[in-house]
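# Analysis of the macromolecular model
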There are 2 protein chains.
Amino acid sequence: MTTLRTPGPTVGVVGGGQLGRMLAEAAAPLGVEVIVLDPTPDCPAAPVAREQIVAEFDDEAAIRDLATRADVLTFEIELADQQVLDRVSEETGTPVHPDPATLETIHDKLVQKRELEAAGVPVPPFRTVEDADDVRAAIDDYGAPVMLKARTGGYDGRGNVPVESKADAEAALESVAGPAMVESFVDFEREVSVIAVKGDDEIATFPIGENVHEDEILRETIVPARSNEAVTERAHAVARDVLEVMDGRGVYGIEFFEAPDGEVLLNEIAPRPHNSGHWTIEGAQTSQFEQHVRAVLGWPLGSTALRSPTVMTNLLGDVEEERPAQLSDLDEILETPGANLHWYGKRAARPLRKMGHVTVTGRDDEGVDELLERAVSLRESVTFE
Amino acid sequence: MTTLRTPGPTVGVVGGGQLGRMLAEAAAPLGVEVIVLDPTPDCPAAPVAREQIVAEFDDEAAIRDLATRADVLTFEIELADQQVLDRVSEETGTPVHPDPATLETIHDKLVQKRELEAAGVPVPPFRTVEDADDVRAAIDDYGAPVMLKARTGGYDGRGNVPVESKADAEAALESVAGPAMVESFVDFEREVSVIAVKGDDEIATFPIGENVHEDEILRETIVPARSNEAVTERAHAVARDVLEVMDGRGVYGIEFFEAPDGEVLLNEIAPRPHNSGHWTIEGAQTSQFEQHVRAVLGWPLGSTALRSPTVMTNLLGDVEEERPAQLSDLDEILETPGANLHWYGKRAARPLRKMGHVTVTGRDDEGVDELLERAVSLRESVTFE
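Naming follows an unreviewed UniProt entry, where chain A appears as N5-carboxyaminoimidazole ribonucleotide synthase of Natrinema pellirubrum. UniProt's Subunit (unreviewed entry) comment on chain A is quoted here verbatim: "Homodimer."

This is the structure:
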């Protein structure tokens, strides 16, 4: 049975960006303390966390220090070094969740897709790429365009290059530095995602969200997704299959393409709370951040039930070049019933940088189209310019 | 129009108990930073706030230090010294909200009742007490029992002594140290409260809550209260009248007796977020803590609409004597859909000390009786023993 003392258990988080910040925000009411490790002094999570260790993500001595002060380690960035985490965990006896092996599996998109395919998870047709011939062969087999992807290091669409024709193969490959893979381009109805949580001996999934991307960056998440029931059920079932492959406890963001025939094809996995799950803070009985805290501590998971239809919209830097962060004209957001502002505390606004988000919850009788319109209008009412 | 930068505005809070902690929790997503001043090292608010200044509540130099680092000062305790706050505010130019004059008005219950009565707010019959004769005269006029109250310093029922008969007058007066007043004992249907917010040029009131007290300590708040519509409307109207009397922005907790004839009689006022408003964190569109942050900064207030029927239950120290805080058997709370745990981070449990609370939200079709039963059962499932 779970017991709480003061000071409560401490979670050490590698990474102190907005995810670390929202983890700390969710941990506070539970009496759970958070220490973050991040190279940027006074990182976004710093004002909310108990403490920040200022160090690089792979600084083994600093991570050892974090581990000795924490009851469990977790990470909010895929950049965390799996081998360092493994070694520190073994030396200090402090567990790491999710398991660093999961990080390694996910880190290389080719390895990830192979493991998932082997586990029966539907994925778009894919193959490894050694040279431009492989890209051209993929176009022959899958038809143009195809999606060329860096196997490692990409997120927010970085490292993903659509290849429209065989003639573009060489140039595309050059633009992707390092090992690559190629995937069939899915002509999807919509993009959806499932936030799934692996607890000590349980798995929970949140209602599926529909994601609107532009330039491969998430703009809005709409919950519930406007998919039919069969698609919804299928997405939940596949998300559970994905979690069977992953080792260790925690929250995973699982992105799918919903194909015209209703099948869901796995797109990306993040072994951490995910931007497409930010809606859960107001929209679900338990937020993805609280679930992650519970999961890594081995506490029982909370209810993932929807509280009300919800739309989340990202506040991206609408600036031409870097400048000090300054969001103007907040009044409409602050005054709109059901709108909640989340500010990440970043010092500088950069073009399309995630600076915060706004969640709009509705009454049960409000359709998500209405909420989406309200959210977009609120997003457009503010500016970093 | 409101603008947000990083670092955001800073609120300096005199007092770092659970109210300061929940203020800091509510401020974080808004990008607002909180510095607390409290004499207890590592006070409940410390792990969540940006910083704690360790100093007595009336330490003028420390409060000046707080004021120079903050954009606005506020307080979470009535013990704050009105004259010190006034002087520091004048010297530093940092405003204090609510206005320290309000603190003084509320501080003395006799002054408070007189001012409110003069403003047309219904209050139980009351009079000042110089000696036991005055108490006996009150019994003659109002009938027994009467409520003898210390004019200053009482909270959670401390300093309130029911006097059952004239023979008890001397002893009761002795047990109340210092100046006293006496009130007619209201034979109420129920106790209700309104959390009201005074903004820059607006007043907002939350749905009224029904409060269950035992030994004059709040046990549960039930929202919406089981009062009829006329009572509800009357309570809101009187709450607005009360706020007209108060100077300065912020949240006020206003407690009423609901008389059998449907009139509401003012019982107590707190010039700060109030225990009977903790339900707003999950139950309302905007929490009382976020409203207080908005109000003291002069930001627009948020919606006070109910999100769903809600019951809050306090986790009080069920111990015989002081011992280290340790809450056992949390699993049922963690596993119950719609139940949310709030832990205050106090080091020691003491008999009936407020250690945390649990909020239970329901679906629209669930009656508050059902939620109340669930909340009480959850409260009884845990122990500090």
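Right, picking up where we left off after that structure.
Let us look at the sheet that holds strand β3 (residues 33-38) of chain B. All names here are of chain B. Here we have four strands laid out as an open sheet, ordered β4-β3-β2-β5, and parallel in their pairing. Each end of this open sheet is capped by a strand with a single partner; those strands are β4 (51-54) and β5 (72-75). Sheet twist, expressed as the mean angle between neighbouring strand axes with direction ignored, is 25 degrees. With four bridges joining them, strand β2 (residues 10-14) and β5 adopt parallel strand pairing. Its bridge partner being in β5, Val14 is matched across the sheet by Phe75.

For the rest of this paragraph, the subject is the interface of chain B and chain A. With 50 residues of chain B in contact, the opposing surface of chain A contributes 50 residues. Taken together, both faces of the contact between chain B and chain A bury some 4300 Å²; the carbon and sulfur share is 49%. Our count for the chain B to chain A interface comes out at two salt bridges. Where chain B meets chain A, there are 26 residue pairs in polar contact (both at pLDDT 80 or more). Those elements that provide at least two residues to the side of chain B that touches chain A are β1 (4-5), α1 (18-27), α10 (288-297), β18 (326-327), α11 (331-335) and β19 (339-343) of chain B. In terms of residue count, β19(B) provides more of the side of chain B that touches chain A than any other element does, four residues in total. Looking at chain direction, strand β18 (residues 326-327) of chain A and β1(B) are connected through two bridges and run antiparallel.

Residues and elements named next belong to chain A. Mapped onto the fold, Asp59 is located in the loop between β4 (51-54) and α2 (60-69). Owing to a relative accessible area of 30%, Asp59 belongs among the partly exposed residues under this scheme. In this structure, the C-alpha to C-alpha distance between Asp59 and Leu37, residues 22 residues apart in sequence, is 9.6 Å. Within the local environment of Asp59, its side chain forms a polar contact with the backbone nitrogen of Ala62, the two atoms lying 3.1 Å apart.

On to helix α5 (residues 109-118) of chain B, then. Residues and elements named next belong to chain B. Those residues of α5 that sit buried are Lys109, Leu110, Gln112, Lys113 and Leu116. Down the axis, α5 shows its buried residues gathered within 160 degrees of arc, on one side only. For α5, the N-terminal capping position is held by Asp108, with its side-chain oxygen 2.9 Å away from the main-chain nitrogen of Leu110. A positive backbone phi angle near 90 degrees is found at Gly120, which sits one or two residues after α5.

Here we take up the domain arrangement of chain A. Taken domain by domain, chain A comprises domain 1 (10-96), domain 2 (125-184) and domain 3 (190-384). Centre-to-centre separation of domain 1 of chain A and domain 2 of chain A, based on C-alpha positions: 35 Å.

This part takes up the pattern of salt bridges. Applying the stated criterion across every chain, the model contains 64 salt bridges over all chains. With its nearest N and O atoms 3.5 Å apart, the salt bridge here joins B:Glu268 to B:Lys109. A residue pair is termed long-range when its members are at least 10 positions apart, and B:Glu268 in strand β15 (residues 264-270) and B:Lys109 in helix α5 qualify at 159 residues. Residue B:Lys109 is classed as buried on the basis of its relative accessible area, which comes to 7%. In this structure, the salt-bridge partner of B:Arg323 is B:Glu385, at a minimum N-O distance of 3.2 Å. Of this pair, B:Arg323 sits in strand β17 (residues 323-324) while B:Glu385 sits in the segment after α12 (368-381), and the two are 62 residues apart along the sequence. Given a relative accessible area of 41%, B:Glu385 falls into the partly exposed group. Beyond isolated ion pairs, a larger network of salt bridges with shared partners links A:Lys109, A:Lys113, A:Lys149, A:Glu183 and A:Glu268.

Below, the discussion takes up the packing of aromatic side chains. All names here are of chain B. Inspection of every chain in the model, using the stated rule, returns six aromatic pairs over all chains. Their ring planes at 15 degrees and their centres at 5.2 Å tell us that Phe188 and Phe257 sit as a pair that is stacked. Highlighted residues: Phe188 in the loop between β9 (180-184) and β10 (190-198) and Phe257 in strand β14 (residues 250-258), separated in sequence by 69 residues. The interplanar angle of 20 degrees and the centroid separation of 6.0 Å between the aromatic rings of Trp343 and Phe384 together place this pair among those described as stacked. One end of the pair, Trp343, is in strand β19; the other, Phe384, is in the segment after α12, with 41 residues separating them in the sequence. Here the two residues Trp343 and Phe384 agree in accessibility, since each one is buried.

Turning to empty space enclosed by the protein, a few remarks are in order. According to the stated counting rule, one finds eight cavities of 30 Å³ or more in the structure shown. What lines the largest cavity is a set of 37 residues, and nearest its centre among them are A:Pro29, A:Ile281, A:Glu282, B:Ile281 and B:Glu282. At the level of elements, α1 (18-27), α9 (280-283), α10 (288-297) and β19 (339-343) of chain A together with α1, α9 (280-283), α10 and β19 of chain B are the ones that each hand at least two residues to the lining of the largest cavity. Its volume calculated, the second largest cavity comes out at about 160 Å³. Forming the boundary of the second largest cavity are 22 residues, of which A:Arg21, A:Pro47, A:Val48, B:Val32 and B:Glu33 lie nearest the centre. Those elements giving two or more residues to the lining of the second largest cavity turn out to be α1 and β3 of chain B.

What counts and what doesn't
- Residues numbered from 1 in each chain as written.
- Chains lettered and ligands numbered in written order.
- Predicted model: local features only at pLDDT ≥ 70, side-chain atom pairs only at ≥ 80, totals over all residues.
- Heavy atoms only, no water.
- UniProt positions renumbered as here; feature names shortened; annotations may be inferred.
- Pairing = 2+ DSSP bridges.
- Helix = DSSP H or I, 4+ residues; strand = E, 2+ residues; numbered from the N terminus.
- Axes fitted to C-alpha atoms, helices over the stretch in contact; angles between N-to-C directions.
- Contact = heavy atoms within 4.5 Å.
- Buried area = accessible area lost by both parts, 1.4 Å probe.
- Salt bridge = Lys/Arg side-chain N within 4 Å of Asp/Glu carboxyl O.
- Polar contact = N/O pair within 3.5 Å; in protein donor to acceptor, adjacent residues only side chain to side chain.
- Buried < 20%, exposed > 50% of the residue type's maximum accessible area, 1.4 Å probe, protein only.
- Arc of directions from axis to C-beta.
- Domains from an automatic or database assignment.
- Phe/Tyr/Trp six-rings, centres within 6.5 Å; stacked < 30°, edge-to-face > 60°.
- 1 Å grid on protein atoms, 1.4 Å probe; cavity = no way out; pocket = protein on both sides within 12 Å on 5 of 7 lines; lining within 4 Å.
- Points joined across faces, edges and corners; volume = space filled by probe spheres on them.

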